[in-house]
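Residue strings, one per chain:
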Amino acid sequence: MSTGAKKRIMREYGECMSDTPPGMKITFDEQNMTEWEILLDGPEQSVYAGGHFKLKLTFPNEYPFKPPVVSFKTKIYHPNVSNDDKGSMCLGLLRPEEWKPPNKVVAVLRLIQTLLIEPNPDDAIEPSIANEYKENRKEFDKTAKDWVKRYAK
């Protein structure tokens, strides 16, 4: 990783610290600044309220020319997060063709919170969950809340 990329990551960390979205805590190991751990409280106005989610944000060597990778380490029932041990996120801003070097990590973090409040079933990584969200919202809400109790306490 270039010195410029490392400086950029440190600058972004500083920006995140001074403007951390509410309900979020960001840490990283001084030895490995390219992997951040994010502890995210489920937003109050969402079905994930009361849950505590661990996410991993990984910067590629080509950052900021390539987007960071965000994954949920805590299981979550959500149409935009893969329902496997990877916890991959489907987030438009993080697609290589959408990502622009001026984009900021703090914007990514805010977008993740927004996605917990308002999932995007039309851009789903889990079609069956997206379909349930659209067709049977009551059942989706019930399952999502059950998963919060089971995995995110």
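Residues numbered from 1 in each chain as written. Predicted model: local features only at pLDDT ≥ 70, side-chain atom pairs only at ≥ 80, totals over all residues. Heavy atoms only, no water.

Observations regarding the overall build of the protein
When helices and strands are tallied, the protein shows four helices and four strands. The C-alpha atoms of the protein give a radius of gyration of 16 Å, which matches the 15 Å a tight globule of 153 residues would have. Taken along its principal axes, the extent of the C-alpha atoms in the protein is 50 × 30 × 25 Å. The proportion of buried residues among the 153 residues of the protein is 45%. Accessible surface, the protein: about 8200 Å² in total, of which carbon and sulfur atoms supply 50%. Across the protein, the mean location of the 23 positive side-chain charges is 2 Å away from that of the 23 negative side-chain charges. (Helix = DSSP H or I, 4+ residues; strand = E, 2+ residues; numbered from the N terminus. Rg over C-alpha atoms; globule rule 2.2 N^0.38 Å. Buried < 20%, exposed > 50% of the residue type's maximum accessible area, 1.4 Å probe, protein only. Areas by Shrake-Rupley, 256 points an atom, 1.4 Å probe, with all protein chains shown as cover. Lys, Arg positive; Asp, Glu negative; His and termini not counted. Charge placed at Lys NZ, Arg CZ, Asp CG, Glu CD.)

Overview of the nonpolar core
Side chains of nonpolar character tend, in soluble globular proteins, to be buried together. Among the nonpolar cores identified, the biggest contains 40 residues, and Trp36, Tyr48, Phe72, Leu109 and Ile112 are the most heavily contacted of them. Elements with a minimum of two residues in this core: helix 1 (3-18), strand 1 (24-29), strand 2 (32-41), strand 3 (52-58), strand 4 (69-72), helix 2 (105-117), helix 3 (127-135) and helix 4 (137-151). Ranked by the residues each element gives to this core, the list is headed by helix 2, at seven residues. Excluding residues that lie within four positions of it along the chain, Leu109 makes contacts with Cys16, Pro21, Met24, Ile26, Ile38 and Leu57. (Core = buried A, V, L, I, M, F, W, Y, C linked by side-chain atoms within 4.5 Å. Contact = heavy atoms within 4.5 Å.)

Side note on the UniProt feature "domain: UBC core" (unreviewed entry) in the protein
UniProt marks residues 4-153 with the feature "domain: UBC core" (unreviewed entry), using the numbering shown here. Taken end to end, residues 4-153 has its terminal C-alpha atoms 39 Å apart, with 35% of it in helix and 18% in strand. (UniProt positions renumbered as here; feature names shortened; annotations may be inferred.)

Here's the deal with helix 2
If you check helix 2, its first and last C-alpha atoms are 19 Å apart, about what 13 residues at 1.5 Å a residue would give, namely 18 Å. Restricting attention to buried positions, one finds in helix 2 the residues Val105, Val106, Val108, Leu109, Ile112, Gln113, Leu115 and Leu116. The secondary structure elements touched by the buried residues of helix 2 are helix 1, strand 1, strand 2, strand 3 and strand 4. (Expected span 1.5 Å × (residues − 1).)

So, the pattern of salt bridges
What the rule picks out here adds up to nine salt bridges. Here Arg95 makes a salt bridge to Asp123, at a shortest N to O gap of 2.6 Å. Pair noted here: Arg95 is in the loop between strand 4 and helix 2 and Asp123 is in the loop between helix 2 and helix 3, with a separation of 28 residues, a long-range link. The class for Asp123 is partly exposed, based on a relative accessible area of 21%. (Salt bridge = Lys/Arg side-chain N within 4 Å of Asp/Glu carboxyl O.)

Description of the packing of aromatic side chains
Using the criterion set out here, one finds twelve aromatic pairs in the structure. Ring geometry for Tyr13 and Trp36: centres 5.4 Å apart, planes at 75°, overall edge-to-face. One end of the pair, Tyr13, is in helix 1; the other, Trp36, is in strand 2, with 23 residues separating them in the sequence. As far as the burial class goes, Tyr13 and Trp36 line up, both buried. (Phe/Tyr/Trp six-rings, centres within 6.5 Å; stacked < 30°, edge-to-face > 60°.)

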